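Examining the three-dimensional arrangement
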Amino acid sequence: MQYKLMLMVVFGVLLNSGNTKNAEAALIQSDYLTLGDNLAVYDEDTDLTWLDLSVTDGKAYESALIPHHEKGFNYAKSSHVTQLFLNFFGETVSYNSPGYSTGNNLLAQEFSTLFGLTSASSSFGFFFDNENKFSLFGVTLGGGKLYAPDFPVDYNKYYDIGNSGVGTYLVKQGRISFDEPVITAFSPRVAVPEPASLLIFIFGSLGLFVNRRMSSHSD
């Protein structure tokens, strides 16, 4: 009876872990060219993979896509960037002026950890907004400064030459697959349990418990 009860607890814990993952998992740090390079981010909500901004840092917009297009990447649309912003920052941001916010230190750190640094203290990317204006979206770690997709500045002068410290938002549909698992880490904002590891730990403990019970009965 005790063994049956323990098994019920085990499967109950695993079931709850699976539900937590489905409810909370969103942005997942993954790989691009080699296992462990952490140069991509997979968004479970949109089924899009984002290329790390450091990969395109400083490159002119037109040339930024060339090495990555054959791997399925394309320029991110304004709707993609806007959705990413809403998914990541939600309604937690208060604005100093249109498209600009300060004091978001933790959020800025988490964003740069996921999407890569384009300078020692910033994570920026170019894109075309819904009014076809060449725009920028990203964060600066100093002061937790956030430049939202509707930040009202036209960066058109950098279109042909690029700008050191700013990458380009590139996305592909679906996740990148390798012969081995691609996921290497989860967004620090998202607590995602690992059922497989939990299963090994619980059944290992259960095995030790059963072994000790049998040994005590044989004595």
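The model shown is predicted, which means the values in this text are computed figures rather than measured ones. (Residues numbered from 1 in each chain as written. Predicted model: local features only at pLDDT ≥ 70, side-chain atom pairs only at ≥ 80, totals over all residues. Heavy atoms only, no water.)

The next point concerns the overall build of the chain. Broken down by element type, the chain carries six helices and 11 strands. When the 219 residues of the chain are sorted by exposure, 41% land in the buried category. In the chain, the share of contacts with a sequence separation of at least 24, taken over all contacts with a separation of at least 6, comes to 66%. Accessible area of the chain: about 11,900 Å², with a carbon and sulfur share of 56%. (Helix = DSSP H or I, 4+ residues; strand = E, 2+ residues; numbered from the N terminus. Buried < 20%, exposed > 50% of the residue type's maximum accessible area, 1.4 Å probe, protein only. Contact = heavy atoms within 4.5 Å. Areas by Shrake-Rupley, 256 points an atom, 1.4 Å probe, with all protein chains shown as cover.)

Attention now moves to the environment of K172. Within the secondary structure layout, K172 lies in strand β10 (residues 170-173). The spatial distance from the C-alpha of K172 to the C-alpha of W50 is 6.8 Å, given a sequence separation of 122 residues. Beyond its immediate chain neighbours, meaning those up to four positions away, K172 contacts D47, L48, T49, K71, G72 and F73.

Now for the packing of aromatic side chains. This model, assessed by the stated rule, comprises 28 aromatic pairs. Judged by centre distance (5.8 Å) and plane angle (90°), the rings of W50 and Y169 are edge-to-face. With W50 in strand β3 (residues 48-51) and Y169 in the loop between β9 (167-168) and β10, this pair connects stretches of sequence that are 119 residues apart. A single burial state applies to W50 and to Y169, both of which are buried. (Phe/Tyr/Trp six-rings, centres within 6.5 Å; stacked < 30°, edge-to-face > 60°.)

Quick look at the nonpolar core now. In this structure, W50, F89, F111, F115, F137 and Y169 are the most contacted members of the largest nonpolar core, which totals 24 residues. Sorting the residues of this core by element identifies β3, α4 (78-89), α5 (105-115) and β7 (134-140) as the ones contributing at least two each. Excluding residues that lie within four positions of it along the chain, F115 makes contacts with L27, V41, W50, D52, L53, S54, L84 and S123. Core analysis: the second largest hydrophobic core is formed by 11 residues, F124, F151, Y155 and V166 among them. (Core = buried A, V, L, I, M, F, W, Y, C linked by side-chain atoms within 4.5 Å.)

Applying the stated criterion across every chain, the model contains two salt bridges. Residues K71 and E70 are paired through a salt bridge, measuring 3.7 Å at the closest nitrogen-oxygen approach. In this structure, K133 engages D129 in a salt bridge whose closest nitrogen and oxygen atoms are separated by 2.7 Å. Here D129 falls in the buried class, since its relative accessible area comes to 10%. (Salt bridge = Lys/Arg side-chain N within 4 Å of Asp/Glu carboxyl O.)

Before going further, it helps to examine the packing of α4 against α5. Put simply, α4 and α5 touch, their axes get as near as 11 Å, and they point 125° apart. Taken as axis vectors, α4 and α5 run oblique relative to one another. Where α4 crosses over α5, the handedness of that crossing is right-handed. Residues L84, F88 and F89 of α4 lie in contact with α5, whose contacting residues are L107, E110, F111, L114 and F115. Grouping the amino acids of the contact of α4 with α5 by side-chain chemistry returns seven nonpolar, no polar and one charged. (Axes fitted to C-alpha atoms, helices over the stretch in contact; angles between N-to-C directions. Parallel < 35°, antiparallel > 145°, perpendicular 65-115°, else oblique. Left-handed = near helix turned anticlockwise from the far one by under 90°. Nonpolar A, V, L, I, M, F, W, Y, C, P; charged D, E, K, R; others polar.)

Bringing α5 into the picture now. Buried within α5 we find L107, A108, E110, F111, S112, L114 and F115. Those residues of α5 hidden inside the fold are in contact with β1 (27-30), β2 (40-43), β3, α4, β6 (122-128) and β7. Immediately beyond the C-terminal end of α5, within one or two residues, lies G116, with a positive phi of roughly 90°.

What follows deals with the side chain of N104. Here N104 lies in the loop between β5 (100-101) and α5. At a separation of 2.9 Å, a polar atom in the side chain of N104 contacts the side chain of S101. Residues contacting N104, with those up to four places away along its chain left out, are V93, G143, G144 and L146. (Polar contact = N/O pair within 3.5 Å; in protein donor to acceptor, adjacent residues only side chain to side chain.)

Take the pairing of β6 next. With six of its seven residues buried, β6 lies for the most part within the structure. Between β6 and β7, which follow one another and run antiparallel, lie five residues, and N132 among them has a positive phi close to 65°. Here β6 pairs with β9 via two bridges, running parallel. Its bridge partner lying in β9, F126 is registered against T168. (Pairing = 2+ DSSP bridges.)

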